[in-house]
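As a plain string of letters, each chain reads:
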Amino acid sequence: MVSKKAIFKLSLFLVVLFIFSCSTTVAVGESPRSEGRPPGLIIASEKAVENGKKHLRKGKCDKAIHEFNKALAKNPNNFEALYWLGVAEGMCGYYSTSYDKLMLALRYSPNKGWEARVNATIGLVLLLSDRDEEAQIYFGRARMIDPRNELVIKYSEWEPEIKGKGKGKKKKFRKEEGFEVVLRWLD
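Since the model is a prediction, treat every value here as computed from it, not as a measurement.

Caption draft 1: Here's a closer look at helix H2 (residues 39-57). For H2, built from 19 residues, the straight-helix expectation of 27 Å at 1.5 Å per residue is met to within 8% by its first-to-last C-alpha distance of 27 Å. Considered for burial, the residues of H2 that qualify are Ile42, Ser45, Ala48, Val49, Gly52, Lys53, His55 and Leu56. Looking down the long axis of H2, one finds its buried residues gathered within 160 degrees of arc, a one-sided arrangement. Projecting away from the buried face of H2 at angles above 90 degrees are the exposed residues Pro39 and Ile43. Directly after H2, the chain includes glycine 59, whose backbone phi takes a positive value near 85 degrees.

This is the structure we're talking about:
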């Protein structure tokens, strides 16, 4: 006959085996942004972002838009793809869609540094859309987060038109000046 001790040991072994078989596997070092996406798609998305950045550096905003859209199709959680898509659309002069993408990017900014950059870029797009008062709000938000933000400093050097006779002329804020600063953030 089987002793009570042997039955107890066997029962204990089966309970432990059952507990371990029901537990889930935890991957160490996996990034939170890759949840639910196959690793190949994450890598492909990041590669498309890098390709898009290369096109932006060359001033080819339409090709950059294509790459950033490709990156978002592979990984909709790719914040950088969303932000740089908004920048590329702004560089091409698609201010309305650029504004929409940047507002979405603002919601998902991973940290305060990015939040300041996104706010400043929204200010730039609004400024280029002749929405100066709204632009001031976003430049102000960026300044509160990061007073050394290059785009905020560039904007503060720009003076709006002074109305009236002989009071001065509007110093033109060129699109290229603002996006030159933004493109420095590519690296």
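Resuming the write-up.
Caption draft 2: Structural detail: the packing of aromatic side chains. Counting across every chain of the model gives four aromatic pairs. Between phenylalanine 79 and tryptophan 114, the ring centres sit 5.2 Å apart and the planes meet at 80 degrees, which makes this aromatic pair edge-to-face. Of this pair, phenylalanine 79 sits in helix H4 (residues 79-92) while tryptophan 114 sits in helix H6 (residues 112-128), placing them 35 residues apart in sequence. For phenylalanine 79, a relative accessible area of 11% gives the class buried. Measuring from ring centre to ring centre gives 5.2 Å for tyrosine 83 and tryptophan 114, while their planes differ by 70 degrees; the resulting arrangement is edge-to-face.

Caption draft 3: Local environment of the packing of H6 against helix H7 (residues 132-145). Running from N to C, H6 and H7 cross one another at 160 degrees; their axes reach a closest spacing of 8 Å. As judged from the angle between their axes, H6 and H7 are roughly antiparallel. Between H6 and H7 lies a crossing of left-handed hand. Residues Lys112, Glu115, Ala116, Asn119, Ala120, Ile122, Gly123, Leu124, Leu126 and Leu127 of H6 form the contact with H7, whose participating residues are Asp132, Glu134, Ala135, Tyr138, Phe139, Arg141, Ala142 and Ile145. Within the contact of H6 with H7, the residues separate by chemical class into 11 nonpolar, two polar and five charged.

Caption draft 4: How the structure looks around unusual backbone geometry. Unlike most non-glycine residues, aspartate 130 shows phi in positive territory, near 60 degrees. Examined against the element boundaries, aspartate 130 turns out to sit in the loop between H6 and H7. Relative accessible area serves as the criterion here: at 64%, aspartate 130 is assigned to the exposed category.

Caption draft 5: The pattern of salt bridges, seen in detail. In this structure the tally under the stated criterion is seven salt bridges. The closest approach of N and O atoms between glutamate 67 and lysine 70, which form a salt bridge, is 3.4 Å. A residue pair is termed a helical-turn pair when its members lie 3 or 4 positions apart in one helix, as glutamate 67 and lysine 70 do in helix H3 (residues 61-74) at three residues. A relative accessible area of 10% places glutamate 67 in the buried class. Taking the relative accessible area as the measure of exposure, lysine 70 reaches 33% and is therefore partly exposed. Among the ionic pairs, aspartate 146 bridges to arginine 148, the shortest N-O distance being 4.0 Å. Classification of aspartate 146 by relative accessible area gives partly exposed; the value is 23%.

Calculation notes
- In every chain, residue numbers begin from 1 and rise along the written sequence.
- Totals for whole chains, interfaces and linings use every residue, but because this is a predicted model, local features are given only for residues with pLDDT of at least 70 and side-chain atom pairs only at 80 or more, for both listing and counting.
- Heavy atoms throughout the structure, all of them, feed into the side-chain values; hydrogens and water do not.
- Numbering goes from the N terminus for both helices and strands, where a helix is a DSSP run of H or I of at least four residues and a strand is a run of E of at least two.
- To estimate how far a helix should reach, multiply one less than its number of residues by 1.5 Å.
- Summary of the burial criterion: residues with accessible area below 20% of their type's maximum are buried, those above 50% are exposed, and those between are partly exposed, where the area comes from a 1.4 Å probe applied to protein chains only.
- Working note: the arc is built from the helix axis to C-beta atom directions.
- Aromatic pairs are defined between Phe, Tyr and Trp rings, using the six-membered ring for Trp, whenever the two ring centres lie within 6.5 Å; interplanar angles under 30 degrees are classed as stacked, those over 60 as edge-to-face, and all others as tilted.
- Lines fitted to C-alpha atoms define the axes, with helix axes restricted to the stretch in contact, and inter-axis angles between N-to-C directions lie between 0 and 180 degrees.
- Should an angle fall under 35 degrees it is called roughly parallel, over 145 degrees roughly antiparallel, and 65 to 115 degrees roughly perpendicular, with every other angle called oblique.
- In this scheme the crossing of two helices becomes right-handed for a clockwise turn of the near helix relative to the far one and left-handed for an anticlockwise turn of less than a right angle.
- Whether two residues are in contact is decided by their heavy atoms: any pair within 4.5 Å suffices.
- Under the grouping applied here, Gly and all other residues not named as nonpolar or charged are polar, the nonpolar ones being Ala, Val, Leu, Ile, Met, Phe, Trp, Tyr, Cys and Pro and the charged ones Asp, Glu, Lys and Arg.
- Salt bridge, as applied in this entry: a Lys or Arg side-chain nitrogen positioned within 4 Å of an Asp or Glu carboxyl oxygen.

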